[in-house]
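# Structure assessment
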Amino acid sequence: MNVAGEITGRLNARYNNIEYYFQLKKTNDELVKENERLHQMLKENYENPNLPGQMIIDTIKSDSFRTIQKYFYLPAKVVSSSVTSQTNFLTIHRGSDQNVKPNMGVVSPQGIVGTVVNVSENYASVMSLLHRQYKVVVKLKNGGERGTVEWDGLSPYYVTLKDIPKSAKVNKGDTVVTSSTSSLFPGNIIVGTVQEIVEDRSTNFYTLKIKPATNFFNIEYVYVIENTQYSEQKRLEDSTRKKFQ
């Protein structure tokens, strides 16, 4: 009887552990969906070229501004990633069948991750912020001064922000966010925080060491961002450059 009871107890414990695991997975999936819904509501996603001034979403009914939503978020699971290479990528379980295309920005719940560079039917490759060729336009949250973030390939814990003028007021711990001049990301998505200010006396610009907000060592879920006006903007900019060459 004691042996039977012990076996039954072990089976019950294992069943409870399995049930707990699936309950956690269900809760996590629900959180991902809720985060997607909240991301869709960010005011930075909405633009209307016909309206002057600042749009305040709280005063507009959902049906009124849905037609001018510029950015849409699609949740995706990370199925592989690297952080130790000079050219790090992630693979996500979303592809062309889910309307994922190259040149779509990718973010985590904490901050930016990278950009889609290749797709298959159900998967996509994302060039990571931790890639020697990756660059993105960002700004200081407090002052608004813009610069470019890139990775020097040394430490996966830090990236470099260049071209911040020395006239800017910047301190250790300041927040760096995406700029609305980027066609890949809505404005004001967190990139990271300033960890070190390097003053080069030979230039009029700071070099800032930034700690990324995203933890690339344990990333599991991301959001792919669709800029619904990306193609139009790119066509216009390409056409303008050709016209004045």
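Quick look at the structure, then. (Residues numbered from 1 in each chain as written. Predicted model: local features only at pLDDT ≥ 70, side-chain atom pairs only at ≥ 80, totals over all residues. Heavy atoms only, no water.)

### Examining the sheet that holds strand S6 (residues 135–140)
For sheets, the rule is that strands pair by backbone hydrogen bonds, running either parallel or antiparallel. Around the barrel, which closes on itself, the 6 strands sit in the order S6-S7-S8-S11-S10-S9 with antiparallel pairing between neighbours. This sheet shows a mean twist of 40 degrees between the axes of neighbouring strands, independent of strand direction. Bridging between strand S8 (residues 159–165) and strand S11 (residues 205–212) involves 5 bridges; their strand directions are antiparallel. Within the sheet, the bridge partner assigned to threonine 160 lies in S11 and is lysine 209. (Pairing = 2+ DSSP bridges. Helix = DSSP H or I, 4+ residues; strand = E, 2+ residues; numbered from the N terminus. Axes fitted to C-alpha atoms, helices over the stretch in contact; angles between N-to-C directions.)

### Details of the packing of aromatic side chains
Across all of its chains, the model carries 1 aromatic pair by this definition. Measuring from centroid to centroid gives 5.2 Å for tyrosine 157 and phenylalanine 217, while their planes differ by 25 degrees, and the two rings are stacked. With a gap of 60 residues between them, tyrosine 157 in the loop between strand S7 (146–150) and S8 and phenylalanine 217 in the loop between S11 and strand S12 (221–227) connect regions that are remote in the sequence. Judged by relative accessible area, phenylalanine 217 falls into the partly exposed class, the value being 45%. When the ring centre of tyrosine 221 is taken as origin, the NZ or CZ atom of lysine 77, which lies over that ring, is 5.0 Å away. Here the basic side chain of lysine 209 rests over the ring of tyrosine 158, its NZ or CZ set 5.1 Å away from the ring centre. (Phe/Tyr/Trp six-rings, centres within 6.5 Å; stacked < 30°, edge-to-face > 60°. Buried < 20%, exposed > 50% of the residue type's maximum accessible area, 1.4 Å probe, protein only. Lys NZ or Arg CZ within 6 Å of the ring centre and 35° of its normal.)

### A closer look at the pattern of salt bridges
Under the counting rule described, the total for this entry stands at 5 salt bridges. Here lysine 135 and glutamate 150 are joined by a salt bridge, their closest N and O atoms 3.8 Å apart. On the criterion of sequence distance, the pair formed by lysine 135 in strand S6 and glutamate 150 in strand S7 is long-range, its members being 15 residues apart. On the accessibility criterion, lysine 135 (55% relative accessible area) is exposed. A salt bridge links lysine 162 to glutamate 150; the shortest N-O distance between them is 3.2 Å. (Salt bridge = Lys/Arg side-chain N within 4 Å of Asp/Glu carboxyl O.)

### Some thoughts on empty space enclosed by the protein
On inspection of all chains with the given rule, the structure shows 1 cavity of 30 Å³ or more. Here the largest cavity is characterised by a volume of approximately 30 Å³. Around the largest cavity sit Leu140, Lys141, Asn142, Gly143, Lys169, Asp174 and Thr175, which together line it. For the lining of the largest cavity, the residue count by class is 1 nonpolar, 3 polar and 3 charged. (1 Å grid on protein atoms, 1.4 Å probe; cavity = no way out; pocket = protein on both sides within 12 Å on 5 of 7 lines; lining within 4 Å. Points joined across faces, edges and corners; volume = space filled by probe spheres on them. Nonpolar A, V, L, I, M, F, W, Y, C, P; charged D, E, K, R; others polar.)

### Here's the deal with the side chain of serine 182
Along the polypeptide, serine 182 turns up in the loop between strand S9 (175–178) and strand S10 (190–199). By relative accessible area, serine 182 is classed as buried at 10%. Separated by 3.1 Å, the side chain of serine 182 and the backbone nitrogen of leucine 184 make a polar contact. At 3.5 Å, the side chain of serine 182 forms a polar contact with the backbone nitrogen of phenylalanine 185. What serine 182 contacts, discounting residues up to four positions off in sequence, is Tyr71 and Val137. (Polar contact = N/O pair within 3.5 Å; in protein donor to acceptor, adjacent residues only side chain to side chain. Contact = heavy atoms within 4.5 Å.)

### Some points on the environment of asparagine 99
In this fold, asparagine 99 is placed in the loop between strand S2 (87–92) and strand S3 (105–107). For asparagine 99, a relative accessible area of 53% translates into the label exposed. Through-space distance from the C-alpha of asparagine 99 to that of glutamate 226 is 9.0 Å; in sequence the pair is 127 residues apart.

### As for the pairing of S12
Of all the 7 residues making up S12, 6 are buried; the element is thus mostly covered by neighbouring parts of the structure. Pairing of strand S1 (residues 71–81) with S12, which is carried by 7 bridges, proceeds in the antiparallel orientation. When the bridges of S12 are listed, proline 75 appears paired with tyrosine 223. Two elements, S3 and S12, share 3 bridges in a ladder whose sense is antiparallel. Bridging from a neighbouring strand, valine 107 pairs with tyrosine 223 of S12.

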